[in-house]
Amino acid sequence: MLPIMFAGTGSDVGKSMIAAGLCRIFRQDGYNPAPFKAQNMALNSFATPDGFEIGRAQAVQAEAAGIPCSTDMNPLLLKPSGDCMSQVVLNGKPVGNCSARDYFRKEGREFLIDEVHKAYDRLSSLYDPIVIEGAGSIAELNLKGLDLVNMSMARYAGARVILVADIDRGGVFASVYGSIMLQDECDRKLIRGIIVNKFRGDIELFNDGRKILEDICGVPVLGVVPCFNNIHIDEEDSVSLAGKRSCSVAGKVNVAVVSLRHISNFTDFNRLENDSRVNLYYASAPDDIADADIVIIPGTKSTIADLRYMRDSGMTAAVLDARRNGKIIFGICGGYQIMGLEVSDPEGVEGLPCTMPGLGLLPVKTILTGEKVTRQVEFCFRGVELPCRGYEIHMGKTILDNDATPLNRMADGQYDGCIVDDRCMGSYIHGILDNDAVVASLLAPYLNDQVTDAGFDYRKWRDNQYDLLADELRRHIDIGAIYKIMNGDD
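Residues numbered from 1 in each chain as written. Predicted model: local features only at pLDDT ≥ 70, side-chain atom pairs only at ≥ 80, totals over all residues. Heavy atoms only, no water.

Engineer: What is the right way to look at the overall build of the chain in this model?
Structural biologist: Along the chain, the regular secondary structure elements total 15 helices and 26 strands. Taken over C-alpha atoms, the radius of gyration comes to 23 Å for the chain, in line with the 23 Å a tight globule of 490 residues would show. Taking the principal axes of the C-alpha coordinates as reference, the chain spans close to 70 × 50 × 40 Å. A burial count over the chain gives 57% of its 490 residues as buried. Restricting the contact set of the chain to residue pairs at least 6 apart, pairs at least 24 apart contribute 73%. (Helix = DSSP H or I, 4+ residues; strand = E, 2+ residues; numbered from the N terminus. Rg over C-alpha atoms; globule rule 2.2 N^0.38 Å. Buried < 20%, exposed > 50% of the residue type's maximum accessible area, 1.4 Å probe, protein only. Contact = heavy atoms within 4.5 Å.)

Engineer: Sorry, what's going on with the nonpolar core here?
Structural biologist: The nonpolar side chains of a soluble globular protein tend to be buried with one another. Judged by nonpolar contacts, the single largest core of 91 residues is most densely connected at Phe 6 and Phe 36. In terms of residues, this core owes the most to one element, helix α1 (residues 15-28), which gives seven residues. Excluding its chain neighbours within four sequence positions, the residues that come into contact with Phe 6 are Lys 15, Ile 18, Ala 19, Leu 22, Val 131, Ile 132, Glu 133, Gly 134, Ile 162, Val 164 and Ile 195. Judged by nonpolar contacts, the second largest core, of 64 residues, contains Val 278, Ile 296, Leu 307 and Tyr 428. (Core = buried A, V, L, I, M, F, W, Y, C linked by side-chain atoms within 4.5 Å.)

Engineer: How should I be thinking about the packing of aromatic side chains in this particular structure?
Structural biologist: Each aromatic ring pair is specified by the distance between its two centres and by the angle formed by the two planes. Counted by the stated rule, this structure contains 10 aromatic pairs. Judged by centre distance (6.4 Å) and plane angle (80 degrees), the rings of Tyr 120 and Tyr 156 are edge-to-face. Of this pair, Tyr 120 sits in helix α4 (residues 109-124) while Tyr 156 sits in helix α5 (residues 151-157), and the two are 36 residues apart along the sequence. Taking relative accessible area as the criterion, Tyr 120 reaches 6% and is therefore assigned buried. Between Tyr 458 and Trp 461, the ring centres sit 5.7 Å apart and the planes meet at 20 degrees, which makes this aromatic pair stacked. Taken together, the positions of Tyr 458 and Trp 461, both in helix α14 (residues 458-476) and three residues apart, correspond to about one turn of that helix. Trp 461 matches Tyr 458 in its accessibility class, with the two residues each being buried. (Phe/Tyr/Trp six-rings, centres within 6.5 Å; stacked < 30°, edge-to-face > 60°.)

Engineer: Even after reading the chapter, I still don't get the sheet that holds strand β16 (residues 294-297), so can you show me in this structure?
Structural biologist: Two modes of strand pairing occur in sheets, parallel and antiparallel, and in both the strands are linked by backbone hydrogen bonds. In space, the six strands of this open sheet follow the order β15-β13-β16-β18-β26-β25, with mixed pairing throughout. In the strand order of this sheet, the two ends are held by β15 (278-283) and β25 (418-421), each with one partner. Adjacent strand axes in the sheet meet at a mean angle of 15 degrees, parallel and antiparallel pairs treated alike. Judged from the three bridges that link them, strand β13 (residues 253-258) and β16 form a sheet pairing that is parallel. (Pairing = 2+ DSSP bridges. Axes fitted to C-alpha atoms, helices over the stretch in contact; angles between N-to-C directions.)

Engineer: Just to check I follow, could you spell out the side chain of Glu 392 for this structure?
Structural biologist: For Glu 392, the position within the fold is in strand β22 (residues 388-400). Of the residues examined, Glu 392 reaches a relative accessible area of 5% and is grouped as buried. Looking at Glu 392, its side chain comes within polar contact range of the side chain of His 394, at 2.9 Å. What Glu 392 contacts, discounting residues up to four positions off in sequence, is Ala 47, Val 373, Thr 374, Arg 375, Val 377, Met 410, Tyr 428 and Ile 429. (Polar contact = N/O pair within 3.5 Å; in protein donor to acceptor, adjacent residues only side chain to side chain.)

Engineer: What is the right way to look at the pairing of strand β6 (residues 76-82) in this model?
Structural biologist: Here strand β3 (residues 39-41) runs beside β6; their pairing, made up of three bridges, is parallel. Bridge pairing in β6 places Gln 39 opposite Leu 76. Pairing analysis gives six bridges linking β6 to strand β7 (residues 85-90), with the strands arranged antiparallel. Among the inter-strand pairings, Leu 77 is bridged to a residue of β7, identified as Val 89.

Engineer: Honestly, helix α10 (residues 303-313) in this entry has me stumped. Any pointers?
Structural biologist: A turn of α-helix holds 3.6 residues, and therefore any two residues three or four places apart point the same way. The complete set of buried residues in α10 reads Thr 303, Ile 304, Asp 306, Leu 307, Tyr 309 and Met 310. With its phi angle positive at about 90 degrees, Gly 314 sits one or two positions after the end of α10.

Engineer: When you look at the environment of Tyr 127 in this model, what are you seeing that I'm missing?
Structural biologist: Here Tyr 127 shows up in the loop between α4 and β9 (130-133). Not counting chain neighbours up to four residues away, the residues in contact with Tyr 127 comprise Asn 32, Pro 33, Ala 34 and Ile 67.

Engineer: What exactly am I supposed to notice about the pattern of salt bridges here?
Structural biologist: Oppositely charged side chains can pair when the atoms bearing their charge come close. The tally for this structure, following the rule as stated, stands at 31 salt bridges. Notably, a salt bridge pairs Asp 421 with Arg 323, separated by 2.7 Å at the nearest N-O pair. Residue Asp 421 is located in strand β25, and its partner Arg 323 is located in helix α11 (residues 315-324); the two are separated by 98 residues in the primary sequence. Residue Glu 472 is joined to Arg 475 by a salt bridge in which the shortest nitrogen-to-oxygen separation is 2.9 Å. Of this pair, Glu 472 and Arg 475 both sit in helix α14, three residues apart, roughly one helical turn. One salt-bridge network, in which partners are shared between bridges, spans Asp 12, Asp 166, Arg 169 and Lys 198. (Salt bridge = Lys/Arg side-chain N within 4 Å of Asp/Glu carboxyl O.)

What follows is the structure, encoded as structure tokens:
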């Protein structure tokens, strides 16, 4: 079949979720689909089975398609680090830091385009169909000549484009019409359908809106998709955190995640967020931590900058107070580094060379280095002989004091993390909270020996979410019309 691209009228319109749902639908219908996004900009990333790094959204889409993820699904990943700078990850490995101005220069652009095309060609030789996701808006005219992820990618792949618009943010008619009409004629012909996403209320009330869009754009509306509050798919961007609850709740175990400025891999908390016994929220002010039972310091793209932010904002004092008051403090990746005695950056990996004292909660010191660790891991948590799984994505080496106790024993015999006591610990492992043994240990002090959610299999639950998403998309999108488009029959 012809590849299909889900492009957007803007960022966060729901392209990633639509693409994930179609990956699952194609798999259900007996095809062998794979996702592809030429360039991703996100701090949520994932380690591939062979030890490389890609955007989390494409890992999720691969999971929906029932296949292992690979760097060919997302050959170019930009990880923002502040001050208009991003780490550039090419084919799964960091190749340096780059300013936005330098990245969008024409010089060297052909090399990146060539690498992206090679990745697509390798992927398309193995899978059919390819489900392509665009990035941001397809109507950024100032960047059109440098585009490698939207319409230029559709042209190269010979893809048919479905334009996704977010009606919840308003202006859907202008955004759809403008996005189509601002295309060159050859690109406009590639746009074969429109999906109106995130509709609230009675969809029947938009029947006239569908006809108006079709009349003014000359492109069929293939579906109007409602907001899904009962389907949980890992999200790509931290912009989604703005809508998360931010306060404690009586009668539940309250887990406060410190809202760092450069928070990464916040999908680490999806398992807890969907646990009926837990109220997980993001603490953006020191007072938010006061009523928490468990405080988690999450991963960050810029450890030293966020360590400085915690001190300046009063978060450090609030976390230390929580520790003195007997709350559980848990650090993951950059949060683990922050909990140590100091973090040093002698090579200027995150900016100017410097050393900063950490929170002093763990007897460890971290040295940031240019080499990035990216790997999937198996481990035993706190000596419990139950196999757990997760992944590592970090820069830096953390050294434990001689008398310090590691938290986890890895399958390869190495050790990870550090634990002081039952209420103070840290680990480099993302996805550590997806494991029942870890969750049971953290929640045990607050549950009166009711340690586990009976019958709750998180990985099975995750897989079921893709089926639920596919069911909803079949209900609201004309999948038959999409197949016709991909077979060249439209």
